[in-house]
Amino acid sequence: MKLKYILPIFVLALFNVACSTDDNDEFAPSTNETQGLNLIQELENDTHTVELYNKSGFFYTGYNEVSVRIKDKATNTYIENASLTWMPLMQMPTMQHSCPNSNPVKVNGKNTIYEGAIIYQMTNTDGSGWSLILNYTINNVDYVATSNITVLQHTNQNVASFMGNDDNRYIVAMIEPKNPIIGNNDLVVGVYKMETMMSFPVVENFMLTLDPRMPGMGNHSSPNNTNLTFNQTDNMYHANLSLTMTGYWVLNLKLINDNNVVVKGEDVTETNEQSSLYLEIEF
Amino acid sequence: MKKLLIILGLFYSAFSFSQDIVPSMEKDTTQLDEVIVISQRKLSNYRQEKTLSSVDDYLEKSNRVTMIKRGNYAWEPTLSNMTSERLNVTIDGMQIFGACTDKMDPITSYVDVSNLKKVSVASGQEGTEDGHCVGGAIDLQLPESKYYNFGLKSSVDLGYETNGNYKTAGLDLEYSGNKFYINVDGIFRKSDNYDAGNNQEVLYSQFQKYNVSLQSGYKLSENHELDANIIYDKATNVGYPALPMDVSLAEALITSLTHTFKNDSTFINSWETKLYFNTITHIMDDSQRPDVPIRMDMPGWSDTYGFYSKVKISEHKHNLLFNVNGFYNRSLAEMTMYPNNANQPLMFMYTWPDIRTWYSGVYAKDTYALNKTSNVSASVRFGVHNNSIGEKAGLESLQIFYPTLSDSKHRFLKTIAADYQFKKTAFDVTFGLGYGERAPSVSEGYGFFLFNSFDNFDYIGNPYLNNEKSIQTNVKTNYNLKRFKIGIESSYFYILDYIIGEIDPTLSAMTIGASGVKTYTGLNHASIFDVYLNTSYSISKKLLLNASLGYNYGQGSNDESLPLIKPFSYLAEVTYSTSTFNASLQLEGNGNQSRFSSFYGEDETPAYGVLNLNLGHVITLKSSKMVFKYGVENILDAQYSTYADWNNIPRQGRNFYVNASYVLF
């Protein structure tokens, strides 16, 4: 009696195992590795086509995770042993500057994908102005690919670039939550100092106070939020962000340096609806 | 054992005609002949009623019952100063739960008098036959099928009241054969805004509703019957002047299928098994209000599936009753707010995050006759109660407050009660003791930012609340001296882990304009006490005087008065009645609410008194009968509100009413 039910399951299981072995051996992942990702743009030089991917297929202001894949034009195969560095550049009327970023590195468990991140702190209204220079080395040979890129303005302020009281310029960018929930969210924020036009090191051991508010509803707050503290392992700031409902939230922040001095931002009070340092979430 | 089976209006009711005229709680005027005489005798003539009164109006006539009013519709019954979460309100033993997070739809609003045979009110642990409670039970009983072979009967009821231009119409058709019975009735009610005293219109107090029901029975054999009952109730455009929102729809479908076995000569005298299902949709909106800080929708749904099976056995001096029951309820409510800035996304939250409640329990009661004049009884109920959170987003929202909260919570509930009754013609006394527990309600356990306009706080549920426990004693005694009757009844509740909201100053209110946030906690203990003195004096066979005084007291272990405790109350009435005519003049009022609870957001309600005049007569024709009831309520057009009026909304001013019933045999 029971065999009737077990047998098909058994057969199904066998079949599945077979399939997955096939996958690993033959239809190897060249195409599958970009599954769920959309192509943003290709950078080309004489020898390679460099493909840039992320979930949306667009660059937006704020934090962008980028997956990179390099195709050898001659053999039509994807390079598995490159090392890469990149430099995003914003062309301003009188000068150039870059932005905080982390170079692409090979993703664990994938053969052809390199992943890095770029935090665009601004863009022109038409999305123009940014270019990307990608330097990479394959078998000790250096290559470069470069192209203008389009960076769209995100609807929310998910990155803030400002001059602190200490006369340093900082960039604060939201990294998580990507998909906020009604409930407790892990809030992850990157804080960078604009040392030069081209150098944006991580700011360590500062602190950010967090006060989420809903301006659309009496500017009420939510309970059990924590302040953002620095985490050595990923060089980012972490906090618990509780969101009691969907909608438009303003995360009011105060950046406090390691001497306990407020560098930027104010408390939200009856008279002051919003801190001058804030990030926005909509969901 | 005397279960306080009180027919709707046991204390006061319109029973002023001879016995074959409409006892006010009876379903309609046609059914007089079949009314069980015992019940009929229980009707007293303290008060006189309109034939077309709402269930709410009827309930209010009971001493211990007070209706909390948020408007002119869907009043919330309280029993012994306790509100719905402490009570077990059922329809014919069926569990049914309102779908509104703000208690705008008490169960009593989903049935109409036309659906009911009687209402039984049981105080404290005497009310645990159908479920656990602290304060008592209100069971709205449906009529049973009648196999009297009288053929077709019909009746029409019409009512009009000047205050609020309140119109009522009802139609009832009934067919009875030897093996088959069917009853169809419908009732429609519509009222505009009512006027308080001095012709002050109370805005947003309008309502409209209709109710249809179908009851059908089939006699399978001499001892076996099968009954089906369907009630559909739909209210639209209901205003709540005391609240910031109204209701655009309150809809209920209540269905049941019952099998009954009856045989006086077998060991088991009766065995009744019922399967039931009911579903409620309740939609709050504020589209009629011109000025609101933010527009919002608050729909809620409540579905309940359940069964019970009860057996009655009489053996020697024992009367045994067993009841096994179980139910499953889903309560879901959400809130969507529309930002004034249209570019911002909608704001959404689960206010009841799909809470599923499973309950199963057993009840047993034995009444033992000690001798001809006295008996003792004991009852127990045990039950297993489980709450689980169905909506993941709901669990995650509550984890903001309770980070380690799991999605399921078990509770074991126990109840035990005993009483002693002695009864002679001139004197009777009842003494009872009880212990009972209840689980927190969905709002108390899992509510998420529920705004309470009474104290102006947002409320957060607490899934970790202890069961509320009550130790209770009650005593009741009556003396009959020829024409004079005097009775005292009193009860005392000592409640442990009394569930009530407590301010959490660390939390920020969600609702615009709210004073803050309260979370539900258990007060160490609270005491609730009430005592009523009832007297009557017959001047002659036709002329009767009644008077009743009441005093209630409630205090928590934090030395604060409990909210919604009735102040000193009184009623005096003179009634004249013959077999075809009756008149009564009554004075009813409350003393000053001196022990109001400012701690829980109450203000002092001043004393009031109102004068009512009720008249009625009956005309019997050959094959039909006409019953008229008419009168004036609040004759002096007093402008007043009572302690139970939400946010002190004023009650109705002077009101002339007339009800006419035409009964065709």
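Residues numbered from 1 in each chain as written. Chains lettered and ligands numbered in written order. Predicted model: local features only at pLDDT ≥ 70, side-chain atom pairs only at ≥ 80, totals over all residues.

Undergrad: Which residues make up the overall build of chain B, and what values go with them?
TA: In terms of helices and strands, chain B carries four helices and 32 strands. Expected size for 665 residues packed as a compact globule is a radius of gyration near 26 Å; at 24 Å, chain B falls within 12% of this value. C-alpha atoms of chain B, sized along the principal axes, occupy 70 × 60 × 45 Å. Burial status across chain B gives 50% buried among its 665 residues. (Helix = DSSP H or I, 4+ residues; strand = E, 2+ residues; numbered from the N terminus. Rg over C-alpha atoms; globule rule 2.2 N^0.38 Å. Buried ≥ 20, exposed ≤ 12 C-beta atoms within 10 Å, placed from the backbone.)

Undergrad: With reference to specific residues and values, describe the domain arrangement of chain A.
TA: All names here are of chain A. Segmentation of chain A into domains returns domain 1 (32-152) and domain 2 (159-282). Computed from C-alpha coordinates alone, the two centres of domain 1 and domain 2 are separated by 27 Å. Counting from both sides, the interface comprises twelve residues of domain 1 and, opposite them, eleven residues of domain 2. Elements with a minimum of two residues in the side of domain 1 that touches domain 2: strand 4 (62-72) and strand 7 (96-97). (Domains from an automatic or database assignment. Contact = placed C-beta atoms within 7 Å.)

Undergrad: I'd love a proper account of the pairing of strand 4 of chain A, names of residues and values included.
TA: Residues and elements named next belong to chain A. Of all eleven residues in strand 4, eight are buried; the element is thus mostly enclosed. Bridge count between strand 2 (residues 48-54) and strand 4: six bridges; the pairing is antiparallel. For Tyr53, the partnering residue across the bridge sits in strand 4 and is Ser67. In the sheet, strand 4 pairs with strand 9 (residues 114-120) via seven bridges, with the strands oriented antiparallel. Looking across to strand 9, one finds that Val68 is bridged to Tyr114. Relative to strand 5 (residues 77-78), strand 4 runs antiparallel, the two being bridged by two bridges. Bridged to Lys71 within strand 5 is Tyr78. Two successive antiparallel strands, strand 4 and strand 5, enclose a turn made up of four residues, where Asn76 displays a positive phi of approximately 60°. (Pairing = 2+ DSSP bridges.)

Undergrad: I'd love a proper account of the interface of chain A and chain B, names of residues and values included.
TA: Counting residues at the interface gives 20 residues for chain A, matched by 26 residues for chain B. Looking at side-chain class alone, the side of chain A that touches chain B contains seven nonpolar, twelve polar and one charged residues. (Nonpolar A, V, L, I, M, F, W, Y, C, P; charged D, E, K, R; others polar.)

Undergrad: Pulling in residues and values, what's your account of the sheet that holds strand 10 (residues 130-138) of chain A?
TA: Neighbouring strands of a sheet are bound in pairs by backbone hydrogen bonds; such pairs are parallel or else antiparallel. All names here are of chain A. Judged by pairing direction, the sheet is antiparallel, and its four strands sit side by side in the order 7-6-10-11 without closing on themselves. The open sheet is flanked by strand 7 and strand 11 (141-149), the only strands paired with a single partner. Sheet topology places strand 10 next to strand 11; nine bridges connect them, and they run antiparallel. Note on strand 11: the bridge partner recorded for Leu132 is Ser147.

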